[in-house]
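A structural walkthrough
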Amino acid sequence: MSVDCATAENTNCGASASQSVFAPWLKLILGFALIWALIFVGGSLAQLLPGARHMARVIDERGLRATAVYYTDFDEPAEGSERIRDSLDYVPHGN
Amino acid sequence: MAETQKSQAEPDYVVIESGKTSLQDLYKKEDWMAVWMGFLLLIVGLLIYLPRPPEKAAEIPKYNAVMKEEAAKAPFKTIEWHNASSSKRGIRARDQDFGKTIQNFLAAPSDWDTNPLDALYRSEETAKAMGAPFKEAADKAKAAADAALASAKTAQAAAAAAGFKDANLNAAAEKEINAWQKAKDQASKADSKFKVKPYNRITYLIGLCIILALFFGIGKAIMGVPFGQFVIGFPAVFFLAVLAYMAETQALMKYWGFGFPLWAIVFGLLISNTIGTPKWVQPAVCTEFYIKTGLVLLGAEILFNKILAIGKPGIFVAWICTPITLVLTYWFGQKIVKMPSKTLNITISADMSVCGVSAAIATAAACRAKKEELTLAIGLSMVFTAICMVGQPAFAKLVGMPEILAGAWMGSTIDSTGAVAAAGAFLGQKALYVAATIKMIQNVLIGVVAFCVAVYWCAKVDCKPGTSVSWWEIWYRFPKFVIGFIVASIVFSIIDQSVGKDMSTVMIDHGVLRGFTRIAREWFFALAFTCIGLETNFKEFGPYFKGGKPITLYVFGQTFQLVFTLLVGYIMFYIVFPEITAAI
């Protein structure tokens, strides 16, 4: 699709060449702008979904990493399993 | 062109049998290099942590003795029992000074709200200003915890005076003690909000970039890739990985479970599909190398002793339901949905039934799925995770499901591990701990799934229908990094077993793994996903969405898993093993 400016009679050839140089960069900027909008506008709007605000508060209060991909990525699985282990190893049975 | 026509004419599962292997493979092939580099880091981690146990570790037997004594004294968990358990949990090798230094050096960008730079730098004054509004709440929570402790002590003393034989006094004491535990937990969370710490990640990130560039650059150089070219391109990949982490830690995004893998792919895609991945960056775009090295490190986190964490019901829920769902979903994908690609089918089936992104990475690497297939599986998983994370606890609350059953159900059915914890916390502390523990048990299944998929693909899928493949050929085709992954898992499971449960928690889980190799592994995955984006063209996704087959597969598998796991969870926790449920 490239245009040979040396043979082209169109006087706008220089302009279209510079446009084709800048177009990818414009797309990149637009892409980052869309991501920015998704984070701030989409993220805010999502808070309006039923239950979402409560979930956000729970995550904040406990400092949970809801994005963790494995059990070692945050403390709760370790804390939970250690508590459960003690509960099962030392079951209260007095009297 | 002729080559294209030929490849179109041949089914894509046919692998020409030309197995040859040599000693040079051990340092020339990426699979083996990933194994050695992963092992190197694991050995370094062991050498750093194992000779330096925290001084308090010597007190573990004392805490166990207290719990044993208290358990024999009263029919409920006494204040002393809880204090001993809590003190034991506070002993961690990574909390020592050298551990904190390592973690600071490897730390990803921190949380931020409106200014992205806050993710990288927080001054002393800003930290104080951020914490100040929470001082009153922290003081209030501490006073409430102190008051709850006083009430618990009074109630326990009354029960003790009756020799723990009065059921009413025992029940009252247990109630007060549980209220104190809850207040203590809230006070601890409030305190952490008040004590905001300053940081400067910029210098550490520059240092980390240099070290990772040298680490992977040397590995590449041994395999014959020019060291200079790799090192020049690496900072660009690293920068995008940092951006991905920053998108994950933004205040609004962190609620939705959209982690760095998704953002890394998005940023990479954005670059490659607009300005194109610059040529000088391309030598550092090594998706498989980063992923395989990360997977070897992940192998060490697969500790088989963890599957006993919640007793037999946990094994049934996580290790029986999950494989059944996986196999059934894969079968459904092949026979009913007629998925266009077996590798896409197994990657989606594994990520949906096992544990989301981490299972998708391991399975995709084991069956050599295409990068677009891995991306698609991860995208699906993250969208469904966001829905289930809010929907499942809301449903459980609506129908009045008991916390332990809800925790087990959500732990086994929500894909992402972090989202499982969030969904559990939505219902309460018990649900959170059961959900997180069930997920942990399920996480361990990744090792078995990856190994079985790798063997099945070599022996059955990648060969002509009706022909048998020799063992030598299976060995030749077998992805060698899976050997590193499995060996790391076996060796660390043996160490874990040999040092004992408590010391293993202190030295391995809260030492070598969480204090070093886990953080490195996460960086490697962030680099890998960035590279996937940098190598991928949007247009390549088109064929996979045809007919909405991946979504149909996912919805079927997830629906089956939701119903099946709820049924098995109820039977196991409330009919077969009710005594375990009562003890939890």
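Residues numbered from 1 in each chain as written. Chains lettered and ligands numbered in written order. Predicted model: local features only at pLDDT ≥ 70, side-chain atom pairs only at ≥ 80, totals over all residues.

Below, the discussion takes up the overall build of chain B. Per the secondary structure count, chain B includes 25 helices and 2 strands. The C-alpha radius of gyration computed for chain B amounts to 25 Å, which stays within 12% of the reference 25 Å derived for 584 residues, consistent with globular compactness. With the principal axes as the frame, chain B shows a C-alpha extent of 90 × 55 × 45 Å. Counting all 584 residues of chain B, 49% fall into the buried class. A fraction of 81% describes how many contacts in chain B between residues 6 or more apart in sequence connect residues 24 or more apart. (Helix = DSSP H or I, 4+ residues; strand = E, 2+ residues; numbered from the N terminus. Rg over C-alpha atoms; globule rule 2.2 N^0.38 Å. Buried ≥ 20, exposed ≤ 12 C-beta atoms within 10 Å, placed from the backbone. Contact = placed C-beta atoms within 7 Å.)

Right, let's get into the overall build of chain A. Within chain A, the secondary structure is distributed over 3 helices and 0 strands. Taken across its 95 residues, chain A has 29% of its residues classed as buried.

Next up on the list: the packing of helix 13 (residues 287-300) of chain B against helix 23 (residues 501-535) of chain B. Residues and elements named next belong to chain B. At a closest axis distance of 8 Å, the pairing of helix 13 and helix 23 adopts a crossing angle of 155 degrees. Put simply, helix 13 runs roughly antiparallel to helix 23. For the element pair helix 13 and helix 23, the recorded crossing hand is left-handed. Within the contact between the two elements, helix 13 uses T287, Y290, I291, T293, G294, L297, L298 and A300 and helix 23 uses L513, T517, A520, R521, F524, F525, L527, A528, C531, I532 and E535. When the residues that make up the contact of helix 13 with helix 23 are grouped by side-chain class, the tally is 13 nonpolar, 4 polar and 2 charged. (Axes fitted to C-alpha atoms, helices over the stretch in contact; angles between N-to-C directions. Parallel < 35°, antiparallel > 145°, perpendicular 65-115°, else oblique. Left-handed = near helix turned anticlockwise from the far one by under 90°. Nonpolar A, V, L, I, M, F, W, Y, C, P; charged D, E, K, R; others polar.)

Once that is clear, we can look at helix 3 (residues 76-89) of chain A. With 14 residues, helix 3 of chain A should reach 20 Å at 1.5 Å per residue; the first-to-last C-alpha distance of 20 Å fits that figure. The buried fraction of helix 3 of chain A amounts to 10 of the 14 residues, a majority that puts the element mostly inside the structure. The set of residues buried in helix 3 of chain A consists of E76(A), P77(A), A78(A), G80(A), S81(A), E82(A), R83(A), I84(A), D86(A) and S87(A). Here the buried face of helix 3 of chain A lies against helix 4 (60-73), helix 5 (79-89), helix 19 (417-427), helix 20 (429-461), helix 23 and helix 25 (578-583) of chain B. (Expected span 1.5 Å × (residues − 1).)

Counting 170 residues, the largest nonpolar core has A244(B) and A422(B) as its most contacted members. Not counting residues up to four positions away in its chain, the partners in contact with A422(B) are M55(A), V58(A), I59(A), L64(A), A66(A) and M389(B). Core analysis: the second largest hydrophobic core is formed by 15 residues, F76(B), A152(B), A155(B) and F164(B) among them. (Core = buried A, V, L, I, M, F, W, Y, C linked by C-beta atoms within 7 Å.)

A few words now on unusual backbone geometry. Residue and element names in this part refer to chain B. Even without a glycine there, the phi angle at F164 is positive, about 55 degrees. Along the chain, the position of F164 falls in the loop between helix 8 (135-161) and helix 9 (167-194). C-beta crowding within 10 Å serves as the criterion here: with 20 such atoms nearby, F164 is assigned to the buried category. One non-glycine residue, K338, lies in positive phi territory at about 55 degrees. The residue K338 is located in the loop between helix 14 (311-337) and helix 15 (342-355) in this model.

All names here are of chain B. Here L243 is to be found in helix 11 (residues 227-248). By the C-beta count within 10 Å, which is 23 here, L243 ends up buried. Counting along the chain gives 187 residues from L243 to K56, while the straight-line C-alpha distance between them is 39 Å.

In many reports, interface size means the accessible area that the parts give up when they come together. All names here are of chain B. According to the domain assignment, chain B consists of domain 1 (25-52 + 203-583) and domain 2 (60-101 + 124-201). Contact with domain 1, which involves 13 residues of that partner, is made by 12 residues of domain 2. Contributing elements (two or more residues each) for the side of domain 1 that touches domain 2: helix 10 (201-222) and helix 23. Tallying contributions element by element places helix 23 first for the side of domain 1 that touches domain 2, with 7 residues. Taken together, the residues of the side of domain 1 that touches domain 2 break down into 5 nonpolar, 5 polar and 3 charged. (Domains from an automatic or database assignment.)

With respect to the helices, strands and loops of the structure, G391(B) is situated in helix 17 (residues 371-399). Considered as a pair, G391(B) and A58(B) are 333 residues apart in the sequence and their alpha carbons are 45 Å apart.

A few words on the packing of helix 20 of chain B against helix 22 (residues 481-498) of chain B. All names here are of chain B. Their axes nearest at 10 Å, the elements helix 20 and helix 22 cross at an angle of 150 degrees. Considered as vectors, helix 20 and helix 22 are oriented roughly antiparallel to each other. Once helix 20 is placed against helix 22, the crossing between them reads as left-handed. Listed contacts from helix 22 to G447, A450, F451 and A454 of helix 20 are V482, F485, I486 and S489.

This paragraph deals with the confidence of the model for chain A. Residues and elements named next belong to chain A. With 79% of its residues at a pLDDT of 70 or more, chain A shows a mean pLDDT of 80. Within chain A, the element-level pLDDT minimum falls on helix 1 (residues 13-46), averaging 83, and the maximum on helix 3, averaging 90. Here residues 1-11 scores under 50 on pLDDT; set against residues more than four positions off or in separate chains, the count is 8 contacts. (pLDDT = per-residue confidence, 0-100.)

On to the confidence of the model for chain B, then. All names here are of chain B. Of the residues in chain B, 96% have a pLDDT of 70 or more, and the chain-wide mean is 90. Residue range residues 1-18 is modelled with pLDDT below 50. Its contacts to residues more than four positions away, or to other chains, number 7 contacts. With a pTM of 0.88, the predicted complex shows an ipTM of 0.87.

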